[in-house]
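# Chain and residue survey
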Amino acid sequence: MTGPAAPCPLWLQQRFEQSGGSVPFSQFMAWALHDPEHGAYGSGQLKIGKGGDFATSATLGPDFSALMGCQLVQWLRALGLNHPTKTLSIVEVGPGEAELSCDLNDHLAEHLPDLMHRLELVLVEINPGMEQRQRKRLGRHQDSRNSQPLLPHRWTSLSELKASPVIGVLIAHELLDAFPVERLELVDGQLRRQTVHLHQADACGVDLHWGTEPIPQALQERINSTLSATQIALPPPDAEDGWTTEWHDACASWFAEASEALTAGHLLVVDYALEAHRYYSARRREGTLMAYRNQRASQVFLVDAGQQDLTAHLCLETMVHQATTHGWTLEGQCRQGEALLALGLAERFSSLQQLPGSQLAELLQRREALLRLVDPACLGEFRWLSFLRFNPLVPSTGTGERSQFLQEPSVINASTPSRP
Ligand SMILES: C[S@@+](CC[C@H](N)C(=O)[O-])C[C@H]1O[C@@H](n2cnc3c(N)ncnc32)[C@H](O)[C@@H]1O
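Quick caveat: nothing in here was measured; it's all calculated off a predicted structure.

## Some words on the overall build of the protein chain
Each helix and strand counted, the protein chain has 13 helices and 18 strands in total. For the protein chain, whose C-alpha radius of gyration is 22 Å, the value lies close to the compact-globule estimate of 22 Å for 420 residues. Taken along the three principal axes of its C-alpha coordinates, the protein chain extends 70 × 50 × 40 Å. Out of the 420 residues in the protein chain, the part that is buried amounts to 42%. Residue pairs in contact within the protein chain that sit at least 24 positions apart in sequence constitute 79% of those at least 6 positions apart.

And the structure:
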């Protein structure tokens, strides 16, 4: 069982009572994160960034977005040539605080001035509280004197995009790790699904407790078909009772929907992901689920529902299988450290030396952020995956050239200033 029981807030008690008192962990996680009134993202109370509950690469400073922006420039140029009259959309799904969207906007304005009149920024956010914050953030960006002009931008849903698909680039940066997961536990040699249920603790208190139930047949069939296609052993042969893991059941339908939102272009997924032999290792007894609040990680998942982030790593092979059976072709994948080096991180690091002495604090902060982005013990282990979407009716919709982030990093020019 995963952790202790926890007191249940009143709003959640009502959700449980309406659902018969016991739900799969995935439903608990969906409420805790995405309940529109009380969920951590739904209500917009979770703060992303250095002073918030947790930071993402994009919220550490503008260099990450500028490097990702170099990749977008390559893709958008090629798409622009292949579709000379069409609007090109940069679609960010799950934009969080909209830092990435704002910084990409500025990078594209600076590096693609000739295509600016054909670009639009599309934000897809299911949580009303986060969308409100994004609207404010883009508004502030528009008003800021140091920013580039904002591209035409709009908020929409994947289902609306399906009805009117676009050409361009879809970005899922730290999105899939926020999807509710099924938790599976080995009990008496059998995998079962973890549940959460209400328990009347005493006259005045109601607690949340863990339980398990047999895996429903439809879910078991989806798991079996992925396992047989990927040759993954789940549970691993030497796992012991109590061994727990996660299954990202919601990703398959998301990939399907996302593929219909784009007629041609790329999907860039950037997220925590592990190969199956590490993800489903017998030694990883507690799975990958983590809770975050005020920059602190814990494995206490049932407490303070709606006030802490819950997130689980992705299994690389499972995710690729789900994407490639739902409309996408994998172009390639690599670690974030390799991707950012291929996009020019070393040159950017060196060029920081040219900042005037009066900007020493900025130099130190940006250097530290760049190092964190590639540090294998930190964000460097993230995976970057490029998937392609081709329109069979238009013969040449690919970019033709291999994506820059998947290429070997170029050697730094000898004249580039070196570190002191
Ligand atoms: C971890 S944050 C990532 C934020 C941002 N991409 C970044 O890197 O800073 C996850 C974001 O995805 C949103 N989200 C979660 N599930 C979603 C879904 N199915 N569709 C769209 N947005 C979603 C959350 O509300 C939140 O804005």
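## Concerning the packing of helix α7 (residues 217-230) against helix α10 (residues 316-324)
In the contact formed by α7 and α10, the axes pass within 10 Å of each other and the chain directions differ by 105 degrees. Between α7 and α10, the angle is such that the two are roughly perpendicular. From α7, Thr226, Ala229 and Thr230 reach across to α10, where they touch Glu317, Thr318 and His321. Its residues placed into classes, the contact of α7 with α10 shows 1 nonpolar, 4 polar and 1 charged.

## So, the environment of Gly306
Assignment of secondary structure puts Gly306 in the loop between β14 (296-298) and β15 (309-311). Considering only alpha carbons, one finds Gly306 and Gly39, 267 residues apart in sequence, at a separation of 4.2 Å. When residues no more than four places from it in sequence are discounted, the contact partners of Gly306 are Ala32, Asp35, His38, Gly39, Ala40 and Ser43.

## Thoughts on helix α13 (residues 360-374)
For α13, spanning 15 residues, the distance from its first C-alpha to its last is 22 Å, which sits close to the expected 21 Å at 1.5 Å a residue. Among all positions in α13, only Leu370, Leu373 and Val374 are buried. When α13 is viewed along its axis, its buried side chains cluster within an angular range of 85 degrees and face the same direction. Seen from the buried face of α13, the exposed residues on the opposite side, beyond 90 degrees, are Leu360, Ala361, Leu364 and Glu368. Lining the buried residues of α13 we find α3 (62-82), α11 (336-342) and α12 (345-351).

## Some remarks on unusual backbone geometry
In this structure, Pro235 follows Leu234 across a cis peptide bond, with omega equal to 0 degrees. Relative to the helices and strands, Pro235 is located in the loop between α7 and β10 (244-247). Despite not being glycine, Glu174 has its phi angle at roughly 50 degrees, a positive value.

## Let's talk about the sheet that holds strand β17 (residues 329-335)
Spatial strand order, β5-β4-β3-β6-β11-β18-β17: 7 strands in an open sheet with mixed pairing. The open sheet is flanked by β5 (153-156) and β17, the only strands paired with a single partner. Averaged over all adjacent pairs, the angle separating strand axes in this sheet is 20 degrees, with direction ignored. Against the sheet, helix α4 (residues 99-111) makes contact with β3 (88-93), β4 (119-124) and β6 (166-173), and its axis sits at roughly 170 degrees relative to β4, the strand it touches most.

## Some words on the sheet that holds β15
Taking strand neighbours across the sheet as the criterion, the 3 strands line up as β14-β13-β15 in an open arrangement whose pairing is antiparallel. Where the open sheet ends on each side, the last strands, each with one partner, are β14 and β15. The mean inter-strand angle of the sheet, taken between neighbouring strand axes irrespective of direction, is 30 degrees.

## Focus: the packing of α3 against α4
The interhelical angle for the contact between α3 and α4, taken along N-to-C directions, is 55 degrees, at an axis separation of 8 Å. In terms of their interaxial angle, α3 and α4 are classed as oblique. Where α3 crosses over α4, the handedness of that crossing is right-handed. Where α3 abuts α4, its residues Pro62, Ser65, Ala66, Met68, Gly69, Leu72 and Val73 lie against Leu100, Asp103, Leu104, His107, Leu108 and His111. Residue classes in the contact of α3 with α4 are distributed as 8 nonpolar, 4 polar and 1 charged.

## Notes on α4
Taking 1.5 Å of rise per residue, the 13 residues of α4 would be expected to cover 18 Å, and the 18 Å separating its terminal C-alpha atoms lies within 8% of that figure. Among the 13 residues in α4, 10 count as buried, and that is most of the element. Within the sequence span of α4, burial applies to Glu99, Leu100, Ser101, Cys102, Asp103, Leu104, Asn105, Asp106, His107 and Leu108. Along its buried surface, α4 packs onto α3, β3, β4, α5 (128-143) and β6.

## A closer look at the nonpolar core
Judged by nonpolar contacts, the single largest core of 104 residues is most densely connected at Val91, Val169 and Leu170. Excluding anything up to four places from it in sequence, Val169 contacts Leu72, Trp75, Leu76, Ile90, Val91, Gly265, His266 and Leu268.

How each quantity is defined
Residues numbered from 1 in each chain as written. Predicted model: local features only at pLDDT ≥ 70, side-chain atom pairs only at ≥ 80, totals over all residues. Helix = DSSP H or I, 4+ residues; strand = E, 2+ residues; numbered from the N terminus. Rg over C-alpha atoms; globule rule 2.2 N^0.38 Å. Buried ≥ 20, exposed ≤ 12 C-beta atoms within 10 Å, placed from the backbone. Contact = placed C-beta atoms within 7 Å. Axes fitted to C-alpha atoms, helices over the stretch in contact; angles between N-to-C directions. Parallel < 35°, antiparallel > 145°, perpendicular 65-115°, else oblique. Nonpolar A, V, L, I, M, F, W, Y, C, P; charged D, E, K, R; others polar. Expected span 1.5 Å × (residues − 1). Arc of directions from axis to C-beta. Pairing = 2+ DSSP bridges. Left-handed = near helix turned anticlockwise from the far one by under 90°. Core = buried A, V, L, I, M, F, W, Y, C linked by C-beta atoms within 7 Å.

Any functional reading would require information that these geometric values do not contain.
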